[in-house]
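Breakdown of the fold
One-letter residues, chain by chain:
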2 protein chains.
Amino acid sequence: MSEATEPRAKARLYVAAPLAAGAVALLTPDQAHYASRVMRLGVGDRLSLFNGRDGEWRARVKTVGRKGGEAVVEERARPPAAEPDAILLFAPLKKSALDVLVAKATELGASDLRPVLTRRTAVARVNVERLRAQAIEAAEQCERLTVPDVRPMETLERALGAWEGTRRLFVADETGGGVAAADAFSAAPRARPVGFLVGPEGGFERSELDALGRLPFVTRVALGPRILRAETAAFVLLACWQALAGDGRAPPPPRA
Amino acid sequence: MSEATEPRAKARLYVAAPLAAGAVALLTPDQAHYASRVMRLGVGDRLSLFNGRDGEWRARVKTVGRKGGEAVVEERARPPAAEPDAILLFAPLKKSALDVLVAKATELGASDLRPVLTRRTAVARVNVERLRAQAIEAAEQCERLTVPDVRPMETLERALGAWEGTRRLFVADETGGGVAAADAFSAAPRARPVGFLVGPEGGFERSELDALGRLPFVTRVALGPRILRAETAAFVLLACWQALAGDGRAPPPPRA
């Protein structure tokens, strides 16, 4: 057990390619830089790879340079496993808040990150590729087997119009008009597909919140006496749902 | 009710002075800059003040300039109220992670922020004044009536040696060796003084974690299958405790 708290310092990288014994996976220039310069890995050194489908695999660096690298896949370290189906809809935020939101929502197990345009959304554009890269980096570090799916921005109306009626949508209601998080999530069936929605920095318009409350699949959630920033509201929804109705009782992955 | 979701754009500032009708409160140069340049307030405009003791008060700008300003206190908007007694002990982190930790822990209602030196703490110094300023800014924005008390760094041993035996200390155990957060906090008595401890980026040493587990006031908490960054572990502990055993069922403050 003494190795049980060794720092998890090994490089763990997300790749697109299928993973199987003997396969060669390409590393992007950024990954090669990270592996060689940050993690100080050279040819023959070990790293872990995952692709969101085939679990996690042990691999060794075959080549590494400024233009990228290659790793040879050796054996499977973790089989693929079901992960929570938890979509986060969020009004895009200013850059620093959005960076934190994407990284933390990934750590907290969101399966999909979907920027939505609400009436008071002040940020009209989202760099989806940047969000994807941040989600990948967070997934690599938190030892998820998948990377959240990041969608291009759409209007909230459109997202709600196409919503599956069986997927409960928990909406952060900063007016305090909803059910307390502990009650909402204690009563929620476990490990079922869910969604979460947090509004923009200026909050929802009253008419928007009223319309949300009339949708049969929506539960408005109150988040206590402090006025949370949008990204913090997303963390509270995800953290409390995971603890009470998600995978919060599952153990951490075995140490590699 | 139509104003209920108006953006909370008003300036809300923390001041040191006693607050009472007719009192004059001094604004620091930073606060005066924020009031005049960011919030576009001029002489006679309204703002809110709090000092951690006297509740929240309506006030008006009396003077505002580059060297500071003054506000005249008018009437009380919110009486003082009890807030959770929830100490967060944390190994200091790199700057960007520490900034996020302090801001979010303040939003999530930590009463005390106490940096502690653990065996693997990589960051040996903490700028306490900087943390205080960040805690104040977060408290101003999340509408708390208090500002977390920020202490200078001490060793973990010293903090534990002086710990009150009646205050339960929930320790984030990244090895998965503890009680699931939902179970730990569902079983916790409500609104009692508590503490939380999160380790450094490299985790606790095994011997450190074992020693923590032997302390009668410690509960080790498992945080699910993903390996959370230290600041994220702090959010999960605070968010889940507040929801289940803290003030998560309290309403947000009335709109000013």
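Each remark here, short or long, concerns the structure printed above.
In short, a report on the structure. The residue count restarts for each chain, going from 1 along the sequence in the order it is written. Whichever chain is written first becomes A and whichever ligand is written first becomes 1, with later ones labelled in order. It should be noted that, the model being predicted, local features are given only for residues of pLDDT at least 70 and side-chain atom pairs only at 80 or more, the latter also being counted only at that level, while totals for whole chains, interfaces and linings use all residues.

Comments concerning the overall build of chain A
Secondary structure elements follow DSSP: runs of H or I of four or more residues count as helices, runs of E of two or more count as strands, with numbering from the N terminus. Within chain A, the regular secondary structure consists of seven helices and 13 strands. On C-alpha atoms alone, chain A measures out to a radius of gyration of 20 Å, which is about the 18 Å that the 2.2 N^0.38 rule sets for 256 residues. For chain A, the C-alpha atoms occupy an extent of roughly 60 × 40 × 30 Å along the three principal directions. Around each residue's C-beta, the other C-beta atoms within 10 Å are counted; 20 or more make the residue buried, 12 or fewer make it exposed, and counts in between make it partly exposed. All C-beta atoms are placed from the backbone. In chain A, which comprises 256 residues, the share counted as buried stands at 48%. In this description, a residue-residue contact is defined by the distance between C-beta atoms placed from the backbone, which must lie within 7 Å. Sequence separation of at least 24 residues holds for 76% of the intrachain contacts in chain A that already meet a minimum separation of 6. When we talk radius of gyration, it's over C-alpha atoms, and the globule rule is simply 2.2 Å times the number of residues to the 0.38.

Overview of helix H7 (residues 230-245) of chain A
Taking 1.5 Å per residue as the helical rise, H7(A) with its 16 residues ought to reach 22 Å, and the 22 Å between its terminal C-alpha atoms agrees with that figure. Of all 16 residues that make up H7(A), 16 are buried, and the element is covered over most of its length. What a helix should span is 1.5 Å times the count of its residues minus one.

Some thoughts on the nonpolar core
Here, a nonpolar core means buried Ala, Val, Leu, Ile, Met, Phe, Trp, Tyr and Cys residues linked by C-beta atoms lying within 7 Å of one another. A:Ala234, A:Leu237, A:Leu238, A:Cys240, B:Ala234, B:Leu238 and B:Cys240 are the most contacted members of the largest nonpolar core, which totals 126 residues. Those residues in contact with B:Cys240 that lie beyond four places of it in its chain are A:Ala239, A:Cys240, A:Ala243, B:Ala181, B:Ala182 and B:Phe185.

Details of helix H3 (residues 128-142) of chain B
Residue and element names in this part refer to chain B. For H3, spanning 15 residues, the distance from its first C-alpha to its last is 21 Å, which sits close to the expected 21 Å at 1.5 Å a residue. Taken as a whole, H3 has its buried residues at Leu131, Gln134, Ala135, Ile136, Ala138, Ala139, Glu140 and Cys142. Contacts from the buried residues of H3 go to strand S1 (12-14), helix H2 (95-107), strand S7 (112-117) and strand S8 (149-150). Glu143 sits one or two positions beyond H3 and adopts a positive phi of about 70°.

Quick word on the sheet that holds strand S4 (residues 56-65) of chain A
Residue and element names in this part refer to chain A. For two strands to pair, DSSP has to find at least two bridges joining them. Pairing in this open sheet of five strands is mixed, and the strands run S1-S3-S4-S5-S2 from one edge to the other. Where the open sheet ends on each side, the last strands, each with one partner, are strand S1 (12-14) and strand S2 (24-27). The average undirected angle you get between the axes of adjacent strands in this sheet is 40°. This element, helix H1 (residues 29-38), spans S1, S2, strand S3 (46-50), S4 and strand S5 (68-78) of the sheet and lies at about 95° to S4. Here an angle of 0 to 180 degrees is reported between the N-to-C directions of two axes, which are lines fitted to C-alpha atoms, with helices fitted over the stretch in contact.

With respect to the relation of the copies chain B and chain A
Of the transformation placing chain B onto chain A, the axial shift is 0.0 Å and the rotation is 180°, giving an RMSD of 0.0 Å. One copy is carried onto the other by what is essentially a two-fold rotation axis. Every residue of chain B has its C-alpha some distance from the rotation axis, and the shortest such distance is that of B:Cys240, at 2.7 Å. A shared binding surface is used by both copies, with 100% of the interface residues of chain B retained as interface residues in chain A. The copies are overlaid by a least-squares fit using only the C-alpha atoms of residues whose pLDDT is at least 70 in both copies.

Examining the sheet that holds strand S2 (residues 24-27) of chain B
Residue and element names in this part refer to chain B. Strand order in the open sheet formed by five strands is S1-S3-S4-S5-S2, with mixed pairing between adjacent strands. Looking at which strands have only one partner, the edges of the open sheet turn out to be S1 and S2. Neighbour-to-neighbour, the strand axes of the sheet open up by a mean angle of 40°, direction not taken into account. As defined by bridge partners, strand S4 (residues 56-65) adjoins strand S5 (residues 68-78) across nine bridges and the pair is classed as antiparallel. When the bridges of S5 are listed, Arg58 appears paired with Glu75. Along the sheet face, helix H1 (residues 29-38) touches S1, S2, strand S3 (46-50), S4 and S5 and points at about 95° away from the line of S4.

Quick look at the packing of helix H2 (residues 95-107) of chain A against H7(A)
All names here are of chain A. Remark: H2 packs on H7, axes separated minimally by 9 Å, with the N-to-C direction vectors making an angle of 10°. When the axis of H2 is compared with that of H7, the two are roughly parallel. The residues of H7 that touch H2, namely those facing Ala97, Val100, Leu101, Lys104 and Ala105, are Ala230, Glu231, Ala234, Phe235 and Leu238. Its residues assigned to classes, the contact of H2 with H7 comprises eight nonpolar, no polar and two charged. Should an angle fall under 35 degrees it is taken as roughly parallel, and over 145 as roughly antiparallel, whereas 65 to 115 is taken as roughly perpendicular and any remaining angle as oblique. Under the scheme applied, nonpolar residues are Ala, Val, Leu, Ile, Met, Phe, Trp, Tyr, Cys and Pro; charged residues are Asp, Glu, Lys and Arg; polar residues are all the others, including Gly.

Some points on the interface of chain B and chain A
Listed as interface residues are 46 residues of chain B and, on the opposing side, 46 residues of chain A. At the level of secondary structure, the elements contributing two or more residues to the side of chain B that touches chain A comprise H2, helix H5 (181-186), helix H6 (206-214) and helix H7 (230-245) of chain B. Per element, the largest residue contribution to the side of chain B that touches chain A is eight residues, and it comes from H7(B). For the side of chain B that touches chain A, the class distribution of residues is 23 nonpolar, 11 polar and 12 charged.

A look at the pairing of strand S12 (residues 194-198) of chain A
All names here are of chain A. Of all five residues in S12, five are buried; the element is thus mostly enclosed. Here S12 shows a buried face lined by Val194, Phe196 and Val198 and a second buried face lined by Gly195 and Leu197. Pairing of strand S6 (residues 86-90) with S12 involves five bridges; the strand directions are parallel. Bridge pairing links Ile87 to Gly195 in S12. Pairing geometry for strand S10 (residues 168-172) and S12, over four bridges, is parallel. Within S12, the residue paired with Phe170 across the bridge is Phe196.

Don't take any of this as a statement about function, it's just geometry.
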